[in-house]
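# Structure assessment
Letter by letter, the chains look like this.
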Amino acid sequence: MGKHRVFGALLASMVLVACGGGEEASGPVDEAGDDGVRITVNPDPFPSTYTPLESSTLVIRGAIILDGAGGQIEGGMVLVEAGRISAVGMDLDLPDDDSLIDIDASGKWVTPGIIDNHSHLGVYPSPAVSAHGDGNEISGPVTAEVWAEHGIWPQDPGFTRALAGGVTSMQILPGSANLFGGRGVTLKNVPGRTMQSMKFPGAPYTLKMACGENPKRVYGYGGGRFPGGAPYSRMGNVAGYRAAWAEAVEYQRRLDTYAEEGGDPPARNLELETLAGVLSGDILVHMHCYRADEMAVILDMAKDFGYSVASFHHAVESYKIADLLAEAGACSAMWADWWGFKMEAYDGVRENISMVHAAGACAIVHSDSDIGIQRLNQEAAKALSDGLRAGLNITKAEAWQWLSLNPARSLGIDGETGSLTPGKQADLVIWSGDPFSSYTRAERVFIDGALVYDRNDPARQPVTDFELGQPGEGDAK
Amino acid sequence: MSALIPRIVAVLAASYLAADAAAQTIAITNGKAWTGTARGTVENATVIIVDGRVTEVRSSARPLPPNAERIDAEGGWITPGIISPFSRTGLVEVDAEDATNDTRAGDTPYSVALKAADGFNPEATSVPVSRIEGVTRIVVAPQSGGNIFAGRGFVADTTGAPGSIQNEDAFVYLTLGEAGAGNAGGSRPAAWAKLRAALSDARTFPARYLAHNEGDALSRVDAQAFGPASRGQQLILVEARRASDLRRVVALATGPMELNVAILGGDEAWMVADLLAEAKIPVIVDPFQNLPASFEQLGATSENAQRLIAAGVITAFAHLDFDAHQARLVLQSAGNAVASGVSHDDALAAITVVPALIFGMEDVGTLEPGAIADVVVWDGDPLEVMSAATHVFIAGQPQEMETRQTRLRDRYMGLTDEGAPFAYRRSQ
């Protein structure tokens, strides 16, 4: 894209893009004529300021390596240079580098860092005080205009606990009260003073949507009003999505017309900008949906409006339609064993994740919990062992995809992280042993090649502002 | 073996060995038996069950008793049945559907008189879901509905059979701390004032009620129900988390009323571990809790359990999230406690022997000769997330290992459109 110029207060965050020519426009736009100059929207008004911590060239040897893409190497080596994986294999040639850090990880396991694609850390932080409940803009069923990143409190101690659990990246989502809950954001799990300093560079925005019981309960029955507003039923849910998509299609049409013909640009509409971003493929849809039959309806709706669902979330009944999900290329982000807390979670089975994987669909282990995010490896282990007992033949190496490559794919960051593939960011974990064990802990966690957590070194264990001077400061977590 | 593990009073094994020839005998062979007794873990063990009681744990090298039904543990583990020391199992079918949820009542005039046992459905789907993962006994508590007193909890087995409640009236459950403050009208002082007044009412029942027909805090039936606990004759389970709250609970329990108290939650209990140990007040902790989830949990640490046990506090483990459906996760909790410094023996005790002790469950929680034969066979270390129960016995009876969940799984396994539509597919 070309260079930006911000126009006065009226167009506060709108920018000029000179199409084709690469030259900046000067002076006010001639609205009548088509000089090729267009007012466009800055797609990145809160840009990432993330910079990796300092890192050295690093070799980790002797460990059992799960590469996150389904492969396993016994006693291999992982070489990290300039914050990126440079090689993985046996007997690698090491660079001639005086600052090389050589880690003997014999008896330990190395994996890509865990990526949780469903977290509310920061927007529903600890402590769970009302003043910090910033994860749900419940004021209306369609709030595609809100962004989770504007509710994130970087001092949430939950981030540090997730780090100790080997989580290197995560998607922070708005809650599921609304049909359209707003934009999600993908973060690197590094401590920061600002949200921007945690933001995963280049990660696409996402849009949170929700099926089923939550929207109709919150709005139809909301606040003790009876009846409340729409939606009041699953019919109302789908009507609400479709009405919004129809508006977005119209908005996109006006944007296209403006791009082609000039004239007056359509008035900015933050809600429709997000929805139009989905239709153009720039924003990925993550949809809270439990019931199989509802997911099938959503897939048809998405097809009708010309977008795709990156991932269904919770997806407690994905095992019933894993074939449809595989065909549609939609991921399912699931718990190992949560069930029964509401009607749409009643048919939960322990083999869900394994059954989705075995059907050739994209399976993801997610947390939706500040406790669960600390041991997603164990959740994968439970799902794997139940699948194995039910006769599904899945290896630990394959199962690690549920924790890294598949969530990376759902977030559109699989080109950068999610597996120990040369060229990717060196987000990885050294585990004290087999990470499919209750007794194993993440010992060292690296993000972009930098050591961000070390279980044996208090100097490498972040303590949030909130915990300073409190009884829990620096204690074992 | 931990010094914490009490010796359960056992009926002499000899009396069972002398049982008549028609006795039902089960021999579980070829296992690693964790006994929950001073014998510790017995390798290559055979566990003998006669007429619903454990009679012996012995070497598998010895010949089996005549007529014994043999169960091969295939080198896995054999343990006492797991006891979940706190849950709402069987009180709820679907949490969010009020009609199926009997945990709490916001509009009732009653408090201590509420008996959770009245709402227990042994056929609830959560019961077999817990059972097939090795949980054989459950301690079930009501939930507070706008009163510091939630009511009284019970102890049951997970057979799902009628009569599976062993003790309808096992303990009084009440909330202090932030939850209690909210339930009492808005502050900790309000909760404590209510508790003191209630104790006074109950301890002077029925005399006070003859004169006035009402108490300061409790109605007639609530005061009557609180009577035994108010005199130290029944356990009071108190939910409290902050160290300052725990200190006040200890002071109350060890004061002139000599109450019989156990703590639930206790995130900051490690900060007052010596007091709790000295007062012999047991604590039921959730080993997953390591976040300052509230201002009364600022000291939460994954080492809470380890520090309490090291200080000699009677410590049991519970999984306190999703308490209506996930009592089974207490095993994962115990495994994680081991990763945070608790010995494997103490962790297993915290979900068997110790809950039995706290809730006065006689003859369960161990493989002591004479113990009720709640026995679980595992295909590996029971505290490992990759392990599973392969056989579950409750009072010597082999249990079905099927649930609604396994039936759903079987229906959709393979997911092929060939054959009858799914609704016609049933494995039995």
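Note: the structure precedes this text.
Keep in mind that what you see is a predicted model, and the values were worked out from it rather than measured.

Reading guide: rules and limits
Residues numbered from 1 in each chain as written. Chains lettered and ligands numbered in written order. Predicted model: local features only at pLDDT ≥ 70, side-chain atom pairs only at ≥ 80, totals over all residues. Pairing = 2+ DSSP bridges. Helix = DSSP H or I, 4+ residues; strand = E, 2+ residues; numbered from the N terminus. Axes fitted to C-alpha atoms, helices over the stretch in contact; angles between N-to-C directions. Contact = placed C-beta atoms within 7 Å. Nonpolar A, V, L, I, M, F, W, Y, C, P; charged D, E, K, R; others polar. Parallel < 35°, antiparallel > 145°, perpendicular 65-115°, else oblique.

## Observations concerning the sheet that holds strand β11 (residues 260-265) of chain B
The strands making up a sheet associate through hydrogen bonds between their backbones, and the pairing can be parallel or antiparallel. Residue and element names in this part refer to chain B. Strand order across the open sheet formed by 8 strands is β6-β7-β8-β9-β10-β11-β12-β13, with mixed pairing between neighbours. Each edge of the open sheet carries a strand with a single partner, namely β6 (82-87) and β13 (315-317). Averaged over all pairs of adjacent strands, the angle between strand axes in this sheet comes to 25°, irrespective of strand direction. Here 2 bridges tie β11 to strand β12 (residues 283-285), and the two strands are oriented parallel to one another.

## As for the environment of B:Ala38
You can see B:Ala38 is positioned in the loop between β1 (25-34) and β2 (41-50). Put simply, B:Ala38 and B:Met386 are 348 residues apart on the chain and 28 Å apart in space, counted from C-alpha to C-alpha.

## A few points about the sheet that holds strand β12 (residues 284-289) of chain A
All names here are of chain A. Read from one edge to the other, the open sheet built from 8 strands follows the order β8-β9-β10-β11-β12-β13-β14-β15, with strand pairing classed as mixed. Single-partner strands in this sheet number two, and they are β8 (114-119) and β15 (362-365). When the angles between neighbouring strand axes are averaged without regard to direction, this sheet yields 25°. Pairing geometry for strand β14 (residues 331-334) and β15, over 4 bridges, is parallel.

## What about the interface of chain A and chain B?
Listed as interface residues are 44 residues of chain A and, on the opposing side, 40 residues of chain B. Taken together, the elements giving at least two residues each to the side of chain A that touches chain B come down to α1 (157-164), α6 (322-328) and α8 (376-389) of chain A. In terms of residue count, the dominant contributor to the side of chain A that touches chain B is α8(A) (5 residues). Partitioned by chemical class, the residues of the side of chain A that touches chain B number 20 nonpolar, 10 polar and 14 charged.

## Some thoughts on the packing of helix α2 (residues 213-220) of chain A against helix α3 (residues 234-261) of chain A
Residues and elements named next belong to chain A. Closest axis-to-axis distance for the α2/α3 pair is 9 Å, and the angle between their directions is 95°. Relative to α3, α2 is oriented roughly perpendicular. Contact residues: Pro215, Lys216 and Gly220 in α2; Arg234, Gly236 and Asn237 in α3. In terms of residue class, the contact of α2 with α3 is made up of 1 nonpolar, 3 polar and 2 charged.

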